[in-house]
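# Architecture at a glance
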Amino acid sequence: AVRPVAIVSAMAEELAALLAEARDVTVQTHAGRRFHVGTLHGAPVVLVLCGIGKVAAALTTTLLAERYAPQSLVFTGVAGGLGDGVRVGDVVVAEALLQHDMDASPLFPRFEVPLTGRSRFGADAALTAALAEAATAVLGTPGHCGPDAQALGVTAPALHRGLVISGDRFVSAAAECGALRQALPEALAVEMEGAALAQVCHDLGLPFAVLRTISDRADDSAHVDFLRFIDAVAAHASAAIVGHWLRDG
Ligand code: ADE
């Protein structure tokens, strides 16, 4: 049998559009999470909501690996934009991920996961390239973000590839955002799950990719922008790209 692709999101709004398109679905519950086993555009998939934060992401990734032996794992959701020119509506595909709240200094360098010798965990190059290609195709399609995107100022969204950082904090203050930008100038976006999933996938030898649509700029108005975006746009953006990748990629 073909091993499934695992698709993970933190919030219901992010997974809703993909779940609606899934076929032949059966639901299995482990650790309070509903694992939707079925097909999406003909491909075997497991879709699951992991919950918010690094622990939730790590647990869900482990359960997926142990119980479903997926061929690969794709995380799709939203993130706060950090890098210059990373704007609301843009898409970021992670090349590597780092936990920005990991700090065992002075015993280990800031951000390094103690005793692993690393702070950055690389996403699978082929999977990342395929998702970036799908994102390029979808971003070029007018209206891909749904009918409400224009009202949020999303006009010509761009694709970025690079470092995504994760921590158990919703970043919603210009000062905190500024400190992250200073400490990690190459970081494109901040979210709360990707680097945890990356560390688990690295240890398990499981290929993975992380795709994020920018919902806010992680500044003083992040919470307002985030809630508006989650309602209006999030589902359309991620689902369209992952759907395109499964169909044509
Ligand atoms: N996900 C979306 N926006 C975010 C932010 N500002 N901080 C952390 N996670 C996010």
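Preceding this section is the structure that the text describes.
Conventions adopted
Residue indices follow the written sequence of each chain, beginning from 1 at its first position. This being a predicted model, a pLDDT of at least 70 is required before a residue's local features are given, and a value of 80 or more before pairs of side-chain atoms are given or counted; all residues contribute to the totals for chains, interfaces and linings. Side-chain descriptors were evaluated using all non-hydrogen atoms of the structure, hydrogens and water having been removed beforehand. A run of H or I in DSSP becomes a helix once it reaches four residues, and a run of E becomes a strand once it reaches two; helices and strands are each numbered from the N terminus. The rule is simple: take the accessible area with a 1.4 Å probe, protein chains only, and divide by the maximum for that residue type; under 20% is buried, over 50% is exposed, in between is partly exposed. To measure how exposed things are, a 1.4 Å probe is used in the Shrake-Rupley method; for residues, cover is taken only from the protein chains shown. Each aromatic pair joins two rings of Phe, Tyr and Trp (for Trp, the six-membered one) with centres within 6.5 Å, and gets the label stacked for planes under 30 degrees apart, edge-to-face for over 60, and tilted for any other angle. Proximity criterion: a residue is near a molecule or strand once any of its heavy atoms comes within 4 Å of it. Polar contact criterion, stated in full: a pair of N or O atoms within 3.5 Å, where within protein one must be able to donate a hydrogen and the other to accept it, and residues adjacent in sequence count only if both atoms are side-chain atoms. Of the grid points, spaced at 1 Å and generated over the protein atoms alone, those admitting a 1.4 Å probe that cannot get out make up cavities, while open sets with protein on both sides within 12 Å along at least five of seven lines make up pockets; any residue with an atom within 4 Å of a point is treated as lining. Occupancy of a cavity or pocket is assigned to a molecule whenever over half of its atoms lie within 2 Å of that pocket's grid points. Residue contacts are counted whenever heavy atoms from the two residues lie within 4.5 Å of one another. Each salt bridge in this description consists of a side-chain nitrogen of Lys or Arg and a carboxyl oxygen of Asp or Glu lying within 4 Å of one another. To get an axis, fit a line to the C-alpha atoms, keeping to the stretch in contact for a helix; angles then go from 0 to 180 degrees between the N-to-C directions. For any pair of crossing helices, the crossing counts as left-handed if the nearer helix is rotated counterclockwise from the farther one by less than a right angle, and right-handed if it is rotated clockwise. Residues are grouped as follows: Ala, Val, Leu, Ile, Met, Phe, Trp, Tyr, Cys and Pro are nonpolar; Asp, Glu, Lys and Arg are charged; all remaining types, including Gly, are polar.

## Describing the overall build of the protein chain
Counting secondary structure elements, the protein chain contains seven helices and ten strands. Seen through its principal axes, the protein chain has C-alpha atoms that stretch 50 × 45 × 30 Å. When each of the 249 residues of the protein chain is scored for burial, the buried share is 53%. Just so you have it, the protein chain exposes about 10400 Å², and 55% of that area is on carbon and sulfur atoms.

## So, the packing of aromatic side chains
Centre-to-centre distance and the angle between the planes together describe a pair of aromatic rings. In the structure shown here, the tally under the stated rule is two aromatic pairs. The interplanar angle of 25° and the centroid separation of 5.5 Å between the aromatic rings of phenylalanine 35 and tyrosine 68 together place this pair among those described as stacked. Separated by 33 residues along the polypeptide, phenylalanine 35 in strand β3 (residues 33-40) and tyrosine 68 in helix α2 (residues 54-68) bring together distant segments of the chain. Taken individually, phenylalanine 35 and tyrosine 68 each receive the classification buried, so the pair is uniform in this respect.

## Let's talk about the site of the ligand
Close to the ligand lie 13 residues, the nearest being Gly80, Phe170, Val171, Glu191 and Asp216. One of the backbone nitrogen or oxygen atoms of valine 171 is found 2.8 Å away from a nitrogen atom of the ligand. One of the side-chain N or O atoms of aspartate 216 is found 2.6 Å from a nitrogen atom in the ligand. Coverage of the ligand by the protein amounts to 96% of the 260 Å² it exposes when considered alone. With respect to the pocket detection grid, the ligand is positioned in the largest pocket. Counting only elements with at least two residues in the shell around the ligand, the list comes to β5 (72-81), β9 (187-191) and β10 (208-216). No other element matches the three residues that β5 contributes to the shell around the ligand.

## Things to note about the environment of leucine 98
The residue leucine 98 is located in strand β6 (residues 91-99) in this model. We classify leucine 98 as buried; its relative accessible area is 1%. Look past the residues within four positions of leucine 98 in its chain and what remains in contact with it is Phe111, Ser119, Arg120, Leu163, Val164, Ile165, Ser166, Leu184 and Ala195.

## Overview of the environment of serine 172
By the element assignment, serine 172 lies in the loop between β8 (159-166) and α4 (174-183). Each residue touching serine 172, except ones within four places of it in the same chain, is listed here: Ala218, Asp219, Asp220, Ala222 and His223.

## Comments concerning the pattern of salt bridges
All told, the structure shown has eight salt bridges when counted by the stated rule. Glutamate 191 serves as the salt-bridge partner of arginine 212, at 3.0 Å between the closest nitrogen and oxygen. Of this pair, arginine 212 sits in strand β10 while glutamate 191 sits in strand β9, and the two are 21 residues apart along the sequence. One exposure class covers both arginine 212 and glutamate 191, and it is buried. Here arginine 228 makes a salt bridge to aspartate 225, at a shortest N to O gap of 3.6 Å. Of the two residues, arginine 228 and aspartate 225 both sit in helix α6 (residues 222-232), three residues apart, roughly one turn of that helix. By relative accessible area, which is 19% here, aspartate 225 ends up buried. Overlapping salt bridges, with partners in common, bring together Glu191, Glu193 and Arg212 in one network.

## Description of the packing of α2 against helix α5 (residues 194-204)
Across the interface, α2 lies against α5 with an axial gap of 8 Å and an inter-helix angle of 30°. α5 is crossed by α2, and the crossing has right-handed handedness. Contact residues: Lys54, Ala57, Ala58, Thr61, Thr62 and Ala65 in α2; Ala196, Leu197, Val200, Cys201 and Leu204 in α5. Partitioned by chemical class, the residues of the contact of α2 with α5 number eight nonpolar, two polar and one charged.

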